[in-house]
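If you want the building blocks of each chain, they are given just below.
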There are 2 protein chains.
Amino acid sequence: MTAVEALQRMANKTLSGSEYLASCFDRIHQREGKVQAWECLAAPQAVSHGTGLLQNIPVGIKDIYDTRDFPTRWGTEYIRCDRSVSDASPVALLKNAGAFVMGKTVSTEFAYFSPGKTRNPYDLDRTPGGSSSGSAAAVADGMVPIALGTQTAGSITRPASYCNVIGFKPTYGLISRAGIKSFSETLDTVGYFARSVNDIALVHAALTCTQFAPLARLDLAGLKIGVIRVPSDGDLDRDVEGALDRTCQRLSAEGVAITSSLDHARELDRLVELQSLVMAFESSRCLADVYFQHADDMSDKLREILERGFAITLDEYYGARQEAERLQSRVAPLFKEVDLLLSPSAVNVAPLASGISTGDPLYSRAWTLLGLPTISLPIESGHHGMPVGMQLIAPRYRDSVLLGYSHELLARLGRYARALDE
Amino acid sequence: MTAVEALQRMANKTLSGSEYLASCFDRIHQREGKVQAWECLAAPQAVSHGTGLLQNIPVGIKDIYDTRDFPTRWGTEYIRCDRSVSDASPVALLKNAGAFVMGKTVSTEFAYFSPGKTRNPYDLDRTPGGSSSGSAAAVADGMVPIALGTQTAGSITRPASYCNVIGFKPTYGLISRAGIKSFSETLDTVGYFARSVNDIALVHAALTCTQFAPLARLDLAGLKIGVIRVPSDGDLDRDVEGALDRTCQRLSAEGVAITSSLDHARELDRLVELQSLVMAFESSRCLADVYFQHADDMSDKLREILERGFAITLDEYYGARQEAERLQSRVAPLFKEVDLLLSPSAVNVAPLASGISTGDPLYSRAWTLLGLPTISLPIESGHHGMPVGMQLIAPRYRDSVLLGYSHELLARLGRYARALDE
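Residues numbered from 1 in each chain as written. Chains lettered and ligands numbered in written order. Predicted model: local features only at pLDDT ≥ 70, side-chain atom pairs only at ≥ 80, totals over all residues. Heavy atoms only, no water.

Trainee: In this structure, what is going on with the interface of chain A and chain B? I would like to understand it.
Mentor: The accessible area lost on association of the parts is a frequent measure of interface size. On the side of chain B, 42 residues touch chain A, which itself brings 42 residues to the contact. The largest share of the area that chain A buries against chain B comes from Arg285(A), Tyr318(A) and Tyr397(A), three residues that together contribute 20% of it. On the surface where chain A and chain B come into contact, there are 6 salt bridges. With a closest N to O distance of 2.9 Å, Asp289(B) and Arg68(A) form a salt bridge. Counting across the chain A and chain B interface gives 24 residue pairs in polar contact (both at pLDDT 80 or more). When contributions to the side of chain A that touches chain B are tallied by element, the ones reaching two or more residues are α3 (89–96), α8 (265–286), α9 (288–294) and α11 (314–331) of chain A. A class-by-class count of the residues in the side of chain A that touches chain B yields 19 nonpolar, 11 polar and 12 charged. (Contact = heavy atoms within 4.5 Å. Buried area = accessible area lost by both parts, 1.4 Å probe. Salt bridge = Lys/Arg side-chain N within 4 Å of Asp/Glu carboxyl O. Polar contact = N/O pair within 3.5 Å; in protein donor to acceptor, adjacent residues only side chain to side chain. Helix = DSSP H or I, 4+ residues; strand = E, 2+ residues; numbered from the N terminus. Nonpolar A, V, L, I, M, F, W, Y, C, P; charged D, E, K, R; others polar.)

Structure representation (structure tokens):
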């Protein structure tokens, strides 16, 4: 059941708020031992107090968001805040809209690459992706309809792809990050997971303080989508390649004009490198105190990027930022040729690497640096029948347009059906 | 004594670290009853443990920065954090460079307009400016050589001007804000106060993890400075007008080419309005939880901007951001005609309004939205002989060039000499 469906049933009085919350708690108690999506949970007897757009809707919050009612661990064993003074801005806005915070979801260590305990609900031996691991897995597993994450490289898009859910990253800077632990201020972006685009639109309305109306069906005639792979020479698993081809065929059959002759490969490829440099430089500054206090406690992966960041010179960083700005203008004309871009969400299906790796964010890096809104739609499958998401990318500030088309495309193509790993 | 002078004396063994710290503590104990620059102070027996560029240099930290060793109050009576889990990034970097954190300096309420207790050291009946009130006053009064602040509208430039100190705001995004309370993510910028440009350069080196070398004398032949007032129709006190004219004459006499025929007034004026809109919208999101919890506790000024922010539609905000981006490109050619821009730092001298108002940030708004590095130099005076700063503005990423010229210009023009109010 999606949040919008639950809200309809609550409005019709065929479901009470407490019944709905109890059903989510039941699901968590049934499955949490296997999926391990949560760092901490609300007390089962807790009730929602707010009223509004999300009244009685349980949400999961990635454990790098400050919360007044839950501890925050940032995916670490070595630091902890029992209760924050304030809720992070998105948490406050959701609660103010009536949402019930179900708990904090597992993050990788400071939202970087070192995995937490969470397993992929579709194959418990596989990673759910990261860094928003618990949020994606909890939504995939039906524990909550909605969860918040963040993306710095590919931390919304990749777990959404691996876990067969929708992952939406709005335009950079639109949703306040106040109270969320920073990793890279140029890149960090709030994003959300759900099982329907209407639920994504519902969260988006609550977080942008706008009205919500269920998304309307759209005519696809005239819609132009450009197929693109960034980086152009990135290793893409053959089955993901196949899934991309199938998606293009299915879109064409729906009347969408597909073009794959887009240029700007050189600029876009370069953006992938620049994203990596900016992320390393800024992470070392954002986590300076953690590094100075806990270099010996942290994972090798985290220490490595922080030390790489400290080794980048200021001139290199300045150069990267200026080059990224120039490239941003140079690639903007892409959206004169097409309405949306289409790319695989990840290079592969979720690897058999739970506890070791969360996969590769390669195909998200450029879009994150460009600050463009992206959505991963759970419409395809690859190796071993595991889910594969397809990513749509829109011009900046066209978040609503992206959600509108995504709703229509998902309705036509259908969510990929695969049984959970029980 | 500046930090660089103190470091030289400590290197020469004519001053010990503990003697230097004790002298700063003495000054504070002598004057704090009048100036009231501090929220809390280190214990007098505390010693500096770090080594590096800033070894034994005491610094003041605006009370919106997270600190592990001091409480944080954000300029409020209604919320408090006893000890943060981590130091804010700039605090960690200064401590890692050996700096001694002397304490937390008074901020206006959440760095907005509602004043704290601090008085202007040059006239105790006047405001020190805000929001970085305590940092500017503590440096002006000789309590510490260096203090950190932030600027969202004019919170570095204006208090620097009112307090006869140097206030430097680096290029937007250069210094990490991780662990600093957000007010407006598009605008918030770390800045620093000192009594010499070399001290500013010293802090800048520590915060950017670069080498420090004392700034060299420069030849001014060929330097082109454009005089500009943004907004073009802003009320400027006649005595500040006079100070600007004198500055232009003095610069001409030093061989600087001054031009006042710069265009782009319409675009720059519009940026002032857009800054105000972006700031209000974003403040309501950044302080969402504070508003939901403490609307009745907060000042009318703060509540008013948050409610104004919530009333701005998403389309207006999107529109403002897009327009600001377009204007940013349109005004960039200004720096093809000149090397630096010159503007008054504030519309007036510090008003007789201690405890009521912190003055008007009007002449800083556009530069903050453009993300340009700015410095306020304490070289002039106005009404009642109170200090007036002159603001130099450089292209983005030209922070070092700005510091280099500022050092030379301050050396030639001299810091405005006025006795403190004893």
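Trainee: Explain helix α7 (residues 238–253) of chain B here, please?
Mentor: All names here are of chain B. Given a rise of 1.5 Å per residue, 16 residues ought to cover 22 Å, and the 23 Å separating the end C-alpha atoms of α7 matches this to within 8%. Every buried residue of α7 is listed here: Val240, Ala243, Leu244, Thr247, Cys248 and Leu251. Down the axis of α7, the smallest arc covering the buried residues is 140°, so these residues share one side. The exposed residues of α7 that point more than 90 degrees off its buried face are Arg238, Gln249 and Ala253. Check the buried side of α7 and you find it contacts β7 (224–227), β8 (257–259), β9 (340–344), β10 (374–381), β11 (387–393) and α14 (399–413). (Expected span 1.5 Å × (residues − 1). Buried < 20%, exposed > 50% of the residue type's maximum accessible area, 1.4 Å probe, protein only. Arc of directions from axis to C-beta.)

Trainee: So what exactly am I meant to see when it comes to the relation of the copies chain A and chain B here?
Mentor: Placing chain A over chain B gives an RMSD of 0.0 Å and needs a rotation angle of 180°, together with 0.0 Å of translation along the axis. Interpreted geometrically, this transformation is the action of a two-fold axis. (Least-squares fit on C-alpha atoms with pLDDT ≥ 70 in both.)

Trainee: Can you help me understand the nonpolar core in this one?
Mentor: Grouped burial of nonpolar side chains is what soluble globular proteins tend to show. Membership of the largest hydrophobic core comes to 296 residues, with the highest contact counts inside it found for Leu94(A), Leu302(A), Leu94(B) and Leu302(B). Each of domain 1 (3–208) and domain 2 (224–413) of chain B contributes no fewer than three residues to this core. In contact with Leu94(B), not counting residues within four places along its chain, are Leu54(B), Val59(B), Ile61(B), Ala99(B), Leu148(B), Val203(B), Ala206(B) and Leu207(B). (Core = buried A, V, L, I, M, F, W, Y, C linked by side-chain atoms within 4.5 Å. Domains from an automatic or database assignment.)

Trainee: How should the side chain of Ser283(B) be read in this particular structure?
Mentor: Residue and element names in this part refer to chain B. Within the element layout of this structure, Ser283 appears in helix α8 (residues 265–286). On the basis of relative accessibility, which here comes to 0%, the residue Ser283 falls in the buried class. Residues within four places of Ser283 in sequence aside, it is in contact with Phe183, Ile305 and Leu306.

Trainee: Sorry if this is basic, but what is going on with the sheet that holds strand β5 (residues 166–169) of chain B here?
Mentor: Within a sheet, each strand pairs with its neighbour through backbone hydrogen bonds, oriented either parallel or antiparallel. Residue and element names in this part refer to chain B. Taken in spatial order, the 11 strands line up as β1-β3-β2-β4-β6-β5-β10-β11-β9-β7-β8 in an open sheet, and their pairing is mixed. The open sheet has two free edges, formed respectively by β1 (38–41) and β8, since each of these has just one partner strand. Each strand axis lies, on average, 30° off the axis of its neighbour in the sheet, ignoring direction. By the bridge criterion, 5 bridges tie strand β2 (residues 58–62) to strand β3 (residues 100–105) in an arrangement that is parallel. Its bridge partner being in β3, Gly60 is matched across the sheet by Gly103. Sheet strands in contact with helix α2 (residues 17–35) are β1, β2 and β3, and its direction is about 20° off that of β3. With respect to the sheet, helix α6 (residues 197–208) is in contact with β4 (146–151), β5, β6 (189–194) and β10, its orientation differing from that of β6 by roughly 140°. (Pairing = 2+ DSSP bridges. Axes fitted to C-alpha atoms, helices over the stretch in contact; angles between N-to-C directions.)

Trainee: Help me understand unusual backbone geometry, please; the structure alone is not making it clear to me.
Mentor: For residues besides glycine, phi is generally negative; the peptide bonds are generally trans as well. The peptide bond linking Val230(A) to Pro231(A) adopts the cis configuration, its omega dihedral lying at 5°. Its place among the elements puts Pro231(A) in the loop between β7 (224–227) and α7 (238–253). Cis peptide bonds are those with omega within 30 degrees of zero, and the linkage from Gly130(B) to Ser131(B) qualifies with 5°. You can see Ser131(B) is positioned in the loop between β3 and α4 (133–140). Here the phi dihedral of Tyr397(A) falls at roughly 75°; this positive angle occurs in a residue that is not glycine. Within the secondary structure, Tyr397(A) is located in the loop between β11 (387–393) and α14 (399–413). One non-glycine residue with positive phi stands out, namely Phe110(B), at about 50°.

Trainee: I keep staring at the state of the cysteines and nothing clicks. Help me out?
Mentor: Cysteine pairs can be covalently joined through their sulfur atoms, and such a bond is termed a disulfide. Residue and element names in this part refer to chain A. Under the defined criterion, the tally for this structure stands at 0 disulfides over all chains. With no disulfide partner, Cys163 has as its closest neighbouring cysteine sulfur the one in Cys24, 17 Å distant. In this structure Cys163 comes out as buried when scored by relative accessible area, which is 0%. (Disulfide = S-S within 2.5 Å.)

Trainee: Sorry if this is basic, but what is going on with the packing of α6(B) against α14(B) here?
Mentor: Packed helix pairs are specified by the crossing angle of their axes together with the interaxial distance, meaning the distance between the axes. Residue and element names in this part refer to chain B. Where α6 contacts α14, the two axes come as close as 9 Å, and the packing angle between them is 160°. By the angle between their axes, α6 is roughly antiparallel relative to α14. Handedness of the α6/α14 crossing: left-handed. Across from Val197, Asn198, Ile200, Ala201 and His204 in α6, the residues of α14 making contact are Asp399, Leu403, Ser406, His407 and Leu410. (Parallel < 35°, antiparallel > 145°, perpendicular 65-115°, else oblique. Left-handed = near helix turned anticlockwise from the far one by under 90°.)

Trainee: I keep staring at the packing of helix α3 (residues 89–96) of chain B against α6(B) and nothing clicks. Help me out?
Mentor: Residue and element names in this part refer to chain B. It is at 8 Å that the axes of α3 and α6 come closest, and there the two elements cross at 105°. The angle between α3 and α6 places the two elements in the roughly perpendicular class. Mapping the contact onto sequence places Pro90, Leu93 and Leu94 in α3 and Val203, Ala206 and Leu207 in α6. Grouping the amino acids of the contact of α3 with α6 by side-chain chemistry returns 6 nonpolar, no polar and no charged.

Trainee: I would appreciate a short explanation of the packing of aromatic side chains in the present structure.
Mentor: The geometry of an aromatic ring pair is captured by two quantities: the separation of the ring centres and the angle between the planes. One pass over the full model with this rule turns up 22 aromatic pairs over all chains. Judged by centre distance (6.0 Å) and plane angle (65°), the ring pair of Tyr291(A) and Phe292(A) falls under edge-to-face. Judged by its relative accessible area of 17%, Tyr291(A) is buried. Residue classification places Phe292(A) among the partly exposed positions, given a relative accessible area of 27%. The aromatic ring of Trp74(B) is capped on one face by Lys181(B), whose charged end is 6.0 Å from the ring centroid. Positioned over the ring face of Phe281(B) is Arg285(B), at 3.8 Å from the centre of the ring. (Phe/Tyr/Trp six-rings, centres within 6.5 Å; stacked < 30°, edge-to-face > 60°. Lys NZ or Arg CZ within 6 Å of the ring centre and 35° of its normal.)

Trainee: Could you clarify how one ought to interpret the sheet that holds strand β9 (residues 340–344) of chain A in this entry?
Mentor: Residue and element names in this part refer to chain A. In spatial order, the strands read β1-β3-β2-β4-β6-β5-β10-β11-β9-β7-β8; together these 11 strands make up an open sheet with mixed pairing. Both edges of this open sheet fall to β1 (38–41) and β8 (257–259), since each of them pairs with a single strand only. Averaged over all pairs of adjacent strands, the angle between their axes in this sheet comes to 30°, without regard to strand direction. Here 4 bridges tie β9 to β11, and the two strands are oriented antiparallel to one another. Opposite Ser343, over in β11, you have Gln391 as the bridge partner. In the packing of helix α6 (residues 197–208) onto the sheet, contacts are made with β4 (146–151), β5 (166–169), β6 (189–194) and β10 (374–381), and the angle to β6 comes to roughly 140°. Contacts from α7 reach β7, β8, β9, β10 and β11, with the element oriented near 100° to β10.

Trainee: Sorry, what's going on with α3(B) here?
Mentor: Count 3.6 residues to each turn of an α-helix, and residues three or four apart come out pointing the same way. All names here are of chain B. Of all 8 residues making up α3, 6 are buried, and the element is well covered by its neighbours. Buried within α3 are the following residues: Ser89, Pro90, Val91, Ala92, Leu93 and Leu94. Phi turns positive, to about 100°, at Gly98, one or two residues after α3.

Trainee: How should I be thinking about the environment of Ile57(A) in this particular structure?
Mentor: Mapped onto the secondary structure, Ile57(A) falls in the loop between β1 and β2 (58–62). Between the C-alpha atoms of Ile57(A) and Ser276(A), which are 219 residues apart in sequence, the distance is 37 Å.

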